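Examination of the molecular architecture
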Amino acid sequence: MNTKKRLLIIYHSGAGSTKTIAEIYCQKLSPLYRVEISSINLEYDYKKLSGYDFFIFAFPTYHCEPSHSMMEFINNMPVFKESKEAFALTTCGLYSGNTLRKFIKKCTEKNIIIRGCCSYRAPATDGALLLPPIPMMFSYERKVAKKIEADIQEVKKIIETNVKSIKCPPFKLYTILNYPNKVLGEAKKHNFKIMEEYCAKCYKCMNNCIRNCWETKKSYPEHENVNCEYCFRCVHHCPKEAIILSERTRKRPKLNEKFYHKLKEIIMNEV
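- Going by the annotation in an unreviewed UniProt entry, the name recorded for the protein is 4Fe-4S ferredoxin, iron-sulfur binding domain protein, with Alkaliphilus metalliredigens given as the source organism.

Following this line, the structure appears as structure tokens:
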């Protein structure tokens, strides 16, 4: 009988920064535990969560807040009768602010106890498209492999030594200064356009959007920004670069599968 503890890594990812980190965690922990990995959706079968001993939640930070999709996922989750232990990680373009504090508070309401947490500076899905080509917008933080290794060791310590303290980062005052930028960033509604002459009608944008922001009204997909959280996944992963914000964004380097596969190989070789 397999007595290894069952771990579920459950993540939300935009272009792929969070997914890449989650997959590395999965590969490094799999020899020790029965690890499964799953991306969230907004029609998730929460009943299957009861069979796991430990959760690892992974999600991006948008404007110093947990992604809307991950927060909706937690909001829709029923309260566990018996407490569940977990670890939380977030990725961010510059800084995570009080993202983890807000997420930990919401998890507590569901009887999920976060025993450890961390954040990683990662490629910026919006900055890569909207700002001049700055190298840091296309890379993880320095020595990210060592940081991942240290955080995985913390996960193992939490599981094996029955750590009972609740890990919650201190309140970060700089988020107050960032408030005007946050308000402006959330108020900005980008209009994604399809360049019909390049569109392959693969409907990848439609099929991969968990917020259902794409639909076919004519012969091509059209974007509806009402529920969009602007993860820019559709822009970065369009195989023909047919989805644009403006003409100048079409030929910007994209954070697609090829890009993250290369980054993942580099990190795995160092972890």
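Moving on from the coordinates now.
1. Thoughts on the overall build of the protein
- What the protein contains, in helices and strands, is ten helices and ten strands.
- Its C-alpha atoms give the protein a radius of gyration of 19 Å, near enough to 18 Å, the size a compact globule of 271 residues would have.
- Expressed along its principal axes, the backbone C-alpha trace of the protein runs to roughly 60 × 40 × 35 Å.
- Within the span of the protein, comprising 271 residues, buried residues form 50% of the whole.
- Here the contacts in the protein between residues at least 6 apart in sequence split such that 79% fall between residues at least 24 apart.
- Carbon and sulfur atoms make up 53% of the accessible area of the protein, which amounts to about 14000 Å² in all.
- Across the protein, the centroid of the 45 positively charged side chains sits 3 Å from that of the 28 negatively charged ones.

2. Some points on a nonpolar patch on the surface
- On the surface, a nonpolar cluster with roughly 550 Å² of combined accessible area is contributed by Leu94, Tyr95, Leu130, Leu131, Ile134, Met136 and Tyr174.
- Note that Tyr174 resides in helix α6 (residues 174-177).

3. Re the packing of aromatic side chains
- Applying the stated rule across the entire model yields 13 aromatic pairs.
- Measuring from centroid to centroid gives 5.8 Å for Phe192 and Phe232, while their planes differ by 50°, and the two rings are tilted. Within this pair, whereas Phe192 is found in the loop between α7 (179-187) and β7 (193-194), its partner Phe232 is found in the loop between β9 (221-223) and α9 (233-237), the two being separated by 40 residues in sequence. Exposure class is identical for Phe192 and Phe232. Each is buried.
- Taking 6.4 Å as the distance between ring centres and 45° as the angle between the ring planes, the aromatic pair formed by Tyr230 and Phe232 counts as tilted.
- Residue class for Tyr230 comes out buried when judged on its relative accessible area of 11%.
- Three or more aromatic residues joined by ring pairs make a cluster, and in this case those are Tyr52, Phe55, Phe57, Phe59, Phe80 and Phe103.
- Positioned over the ring face of Tyr220 is Lys201, at 4.7 Å from the centre of the ring.
- Directly above the aromatic system of Tyr198 lies the positively charged group of Arg250, at a separation of 3.5 Å from the ring centroid.

4. Section: the side chain of Lys110
- For Lys110, the location among the structural elements is in the loop between α3 (99-109) and β6 (112-121).
- Here Lys110 sits buried without a salt bridge, and the closest side chain of opposite charge, Glu109, lies 6.1 Å off (N-O distance).
- Within the structure, the side chain of Lys110 is placed 3.1 Å from the backbone oxygen of Asn75, a separation counted as a polar contact.
- Once residues lying within four places of it in the same chain are set aside, the contact partners of Lys110 are Ile74, Asn75, Met77, Pro78, Val79 and Phe80.

5. Re the pattern of salt bridges
- All told, the structure shown has ten salt bridges when counted by the stated rule.
- Notably, a salt bridge pairs Arg115 with Glu85, separated by 3.2 Å at the nearest N-O pair. With Arg115 in strand β6 and Glu85 in strand β5 (residues 84-92), this pair connects stretches of sequence that are 30 residues apart. Glu85 carries the same exposure label as Arg115, and that label is buried.
- Across the pair Lys147 and Glu141 runs a salt bridge, and its minimum N-O distance is 3.5 Å.
- Residue Glu141 is classed as buried on the basis of its relative accessible area of 19%.

The rules behind the values
Residues numbered from 1 in each chain as written. Predicted model: local features only at pLDDT ≥ 70, side-chain atom pairs only at ≥ 80, totals over all residues. Heavy atoms only, no water. Helix = DSSP H or I, 4+ residues; strand = E, 2+ residues; numbered from the N terminus. Rg over C-alpha atoms; globule rule 2.2 N^0.38 Å. Buried < 20%, exposed > 50% of the residue type's maximum accessible area, 1.4 Å probe, protein only. Contact = heavy atoms within 4.5 Å. Areas by Shrake-Rupley, 256 points an atom, 1.4 Å probe, with all protein chains shown as cover. Lys, Arg positive; Asp, Glu negative; His and termini not counted. Charge placed at Lys NZ, Arg CZ, Asp CG, Glu CD. Patch = residues over 30% accessible without salt bridge, like charges linked within 9 Å, V, L, I, M, F, W, Y side chains within 5 Å. Salt bridge = Lys/Arg side-chain N within 4 Å of Asp/Glu carboxyl O. Phe/Tyr/Trp six-rings, centres within 6.5 Å; stacked < 30°, edge-to-face > 60°. Lys NZ or Arg CZ within 6 Å of the ring centre and 35° of its normal. Polar contact = N/O pair within 3.5 Å; in protein donor to acceptor, adjacent residues only side chain to side chain.

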